[in-house]
Amino acid sequence: MSKVKEKPVIDQIAALPVHWDKNGKLRVLMVTSRDRGRWVMPKGWQMDGAKPWQAAEIEALEEAGAIGFISNTPIGHYHYDKRMDDGTKTRCRVILYPMVVEKLKRRWKERKQRKRHWFSARKASKLVEEKELSTLLREVAEKKKMVAMIEDMRRSA
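As the structure is a prediction and not an experimental result, all values here were calculated from the model.

Moving on, we come to the nonpolar core. Core analysis: the biggest nonpolar cluster contains 25 residues, and L16, V18, V28, M41, Y78, L96 and L137 have the highest contact counts within it. Mapped onto this core, the elements with two or more residues apiece are β1 (10-20), β2 (26-32), β6 (76-83), β7 (89-104), α2 (121-127), α3 (131-142) and α4 (144-156). Setting aside residues up to four positions removed in sequence, L16 forms contacts with V28, M41, I75, L96, Y97, P98, M99, L137 and V140. In terms of nonpolar packing, the next biggest core, distinct from the first, is built from 15 residues, V40, A55, A66 and Y97 among them.

And the structure:
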């Protein structure tokens, strides 16, 4: 019997950028992916010399032009298959850090490659392809505890 060698799961980091609109409703900032234009969270690879949440904050700035306060405590993780430049797929685990957005820049690094838009957490959960991310976003929409944690971040920022 031959052994099937499983590929390792590679960690990535992502920001969950949120803010409260003028009516007090929680909104989630999403960006389009560069490949197929899917709605995703600003995410990327861990960066040398940066803590994971700092790398997520940098991704939010580069991909969405978002500036704000990011938590050093993740609210969860999700998995997806990343298509690499050589055509292969790599399984990634994305660790998600909540970020309270204070400002959106008009000009940011990837503005010509992506669109950004604010959605309700419930709407965002329906737009993403990753089931685990959809579940996390539904929890943000439905669970008072998670929203309270984000609200505490907002107050202490």
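Don't stop here, the text continues.
In terms of strand pairing, β6 meets β7 through 8 bridges, oriented antiparallel. Across the sheet, D81 pairs through a bridge with R91, a residue of β7.

The next subject is the environment of A141. Checked against the element boundaries, A141 lands in helix α3. With a relative accessible area of 32%, A141 lands in the partly exposed category. The spacing of A141 and G24 is 117 residues in sequence and 13 Å in space, taken between C-alpha atoms. Sequence-distant contacts of A141, defined by excluding residues within four places in its chain, comprise A121 and R122.

Bringing the packing of aromatic side chains into the picture now. Scanning the model with the defined rule gives 1 aromatic pair in all. With a centroid separation of 5.0 Å and an interplanar angle of 80°, the aromatic rings of W39 and F119 are classed as edge-to-face. Of the two residues, W39 is situated in strand β3 (residues 39-40) and F119 in strand β8 (residues 116-120); the sequence distance between them amounts to 80 residues. F119 gets classed as buried once you look at its relative accessible area, which sits at 11%. Sitting over the face of the ring of Y80, K43 holds its NZ or CZ atom 4.9 Å from the ring centroid.

Rules behind the numbers
- Residues numbered from 1 in each chain as written.
- Predicted model: local features only at pLDDT ≥ 70, side-chain atom pairs only at ≥ 80, totals over all residues.
- Heavy atoms only, no water.
- Core = buried A, V, L, I, M, F, W, Y, C linked by side-chain atoms within 4.5 Å.
- Buried < 20%, exposed > 50% of the residue type's maximum accessible area, 1.4 Å probe, protein only.
- Helix = DSSP H or I, 4+ residues; strand = E, 2+ residues; numbered from the N terminus.
- Contact = heavy atoms within 4.5 Å.
- Pairing = 2+ DSSP bridges.
- Phe/Tyr/Trp six-rings, centres within 6.5 Å; stacked < 30°, edge-to-face > 60°.
- Lys NZ or Arg CZ within 6 Å of the ring centre and 35° of its normal.

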